[in-house]
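The primary structure of each chain is shown beneath.
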Amino acid sequence: AVPRSRILATGGASHNKNILQVLSDVFSAPVYTIDTANSACLGSAYRAIHGLVAETNVSLVDVVKLAPEPRLVVTPTAGAEEV
(Lines give C-alpha, C1' and ligand atoms only; values in the text may rest on other atoms or scores of the structure.)
Protein backbone atom coordinates (compact mmCIF):
# COMPACT_ATOMS: atom_id res chain seq x y z
CA ALA A 1 0.00 0.00 0.00
CA VAL A 2 1.17 3.49 -0.81
CA PRO A 3 1.60 5.62 2.31
CA ARG A 4 -0.84 8.48 2.63
CA SER A 5 0.53 11.94 1.85
CA ARG A 6 0.89 14.61 4.48
CA ILE A 7 1.98 18.23 4.44
CA LEU A 8 4.50 19.69 6.87
CA ALA A 9 3.98 23.46 7.03
CA THR A 10 6.63 25.77 8.46
CA GLY A 11 7.23 29.50 8.59
CA GLY A 12 4.85 32.39 9.11
CA ALA A 13 1.90 30.99 7.19
CA SER A 14 1.95 27.87 9.36
CA HIS A 15 0.41 29.96 12.13
CA ASN A 16 -2.67 30.73 10.02
CA LYS A 17 -5.15 27.88 10.40
CA ASN A 18 -7.28 29.14 7.48
CA ILE A 19 -4.35 28.89 5.06
CA LEU A 20 -3.50 25.44 6.39
CA GLN A 21 -7.10 24.31 5.90
CA VAL A 22 -7.01 25.41 2.25
CA LEU A 23 -3.77 23.44 1.74
CA SER A 24 -5.34 20.40 3.36
CA ASP A 25 -8.48 20.62 1.23
CA VAL A 26 -6.65 21.26 -2.06
CA PHE A 27 -4.16 18.42 -1.61
CA SER A 28 -6.56 16.14 0.31
CA ALA A 29 -3.92 15.56 2.97
CA PRO A 30 -3.55 16.33 6.68
CA VAL A 31 -1.35 19.28 7.58
CA TYR A 32 1.22 19.15 10.37
CA THR A 33 3.43 21.85 11.89
CA ILE A 34 6.56 21.79 14.01
CA ASP A 35 7.65 24.28 16.65
CA THR A 36 11.14 24.98 15.38
CA ALA A 37 12.82 28.35 15.07
CA ASN A 38 14.45 29.01 11.67
CA SER A 39 12.57 26.14 10.08
CA ALA A 40 13.71 27.21 6.61
CA CYS A 41 17.17 25.90 7.50
CA LEU A 42 15.95 22.64 9.02
CA GLY A 43 16.29 20.49 5.89
CA SER A 44 19.80 21.79 5.25
CA ALA A 45 20.79 21.07 8.83
CA TYR A 46 19.63 17.47 8.58
CA ARG A 47 21.46 17.05 5.26
CA ALA A 48 24.62 18.42 6.91
CA ILE A 49 24.29 15.94 9.79
CA HIS A 50 23.75 13.17 7.27
CA GLY A 51 26.93 14.23 5.46
CA LEU A 52 28.91 14.15 8.69
CA VAL A 53 27.83 10.58 9.46
CA ALA A 54 27.91 9.33 5.85
CA GLU A 55 30.86 7.01 6.52
CA THR A 56 28.78 5.13 9.11
CA ASN A 57 26.09 4.20 6.54
CA VAL A 58 23.36 5.99 8.52
CA SER A 59 20.48 6.81 6.19
CA LEU A 60 18.91 10.26 5.90
CA VAL A 61 15.66 8.69 7.14
CA ASP A 62 17.43 7.67 10.37
CA VAL A 63 18.91 11.15 10.79
CA VAL A 64 15.52 12.82 10.31
CA LYS A 65 13.99 10.52 12.95
CA LEU A 66 15.75 12.84 15.42
CA ALA A 67 13.47 15.70 14.33
CA PRO A 68 10.80 17.05 16.64
CA GLU A 69 7.49 15.22 16.23
CA PRO A 70 5.11 17.22 13.99
CA ARG A 71 1.72 18.23 15.40
CA LEU A 72 -1.48 17.60 13.42
CA VAL A 73 -3.22 20.93 12.81
CA VAL A 74 -5.95 20.31 10.21
CA THR A 75 -7.41 17.50 8.12
CA PRO A 76 -9.24 17.73 4.79
CA THR A 77 -12.84 18.91 4.96
CA ALA A 78 -15.27 16.16 4.04
CA GLY A 79 -16.37 16.60 0.42
CA ALA A 80 -13.66 19.15 -0.42
CA GLU A 81 -12.31 16.98 -3.26
CA GLU A 82 -15.65 17.41 -5.06
CA VAL A 83 -15.28 21.19 -5.15
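For the structure, see preceding data.
Attention in this report is confined to the structure presented alongside it. (Residues numbered from 1 in each chain as written. Predicted model: local features only at pLDDT ≥ 70, side-chain atom pairs only at ≥ 80, totals over all residues. Heavy atoms only, no water.)

### A word on unusual backbone geometry
Phase 1 of the analysis: In this structure, Ser-28 is a non-glycine residue whose phi angle is positive, near 50°.
Phase 2 of the analysis: For Asn-57, which is not glycine, the phi torsion reads 60° and is therefore positive.
Phase 3 of the analysis: Of note, Asn-57 is situated in the loop between helix 2 (42-52) and helix 3 (60-64). (Helix = DSSP H or I, 4+ residues; strand = E, 2+ residues; numbered from the N terminus.)

### Examining helix 2
Phase 1 of the analysis: Within the span of helix 2, buried status applies to Leu-42, Tyr-46 and His-50. Taken around the axis of helix 2, the buried residues stretch over an arc of 80°, which confines them to a single face. Turned more than 90 degrees away from the buried face of helix 2 sit Ser-44, Arg-47 and Leu-52, all of them exposed.
Phase 2 of the analysis: Taken together, the buried residues of helix 2 touch helix 3. (Buried < 20%, exposed > 50% of the residue type's maximum accessible area, 1.4 Å probe, protein only. Arc of directions from axis to C-beta. Contact = heavy atoms within 4.5 Å.)

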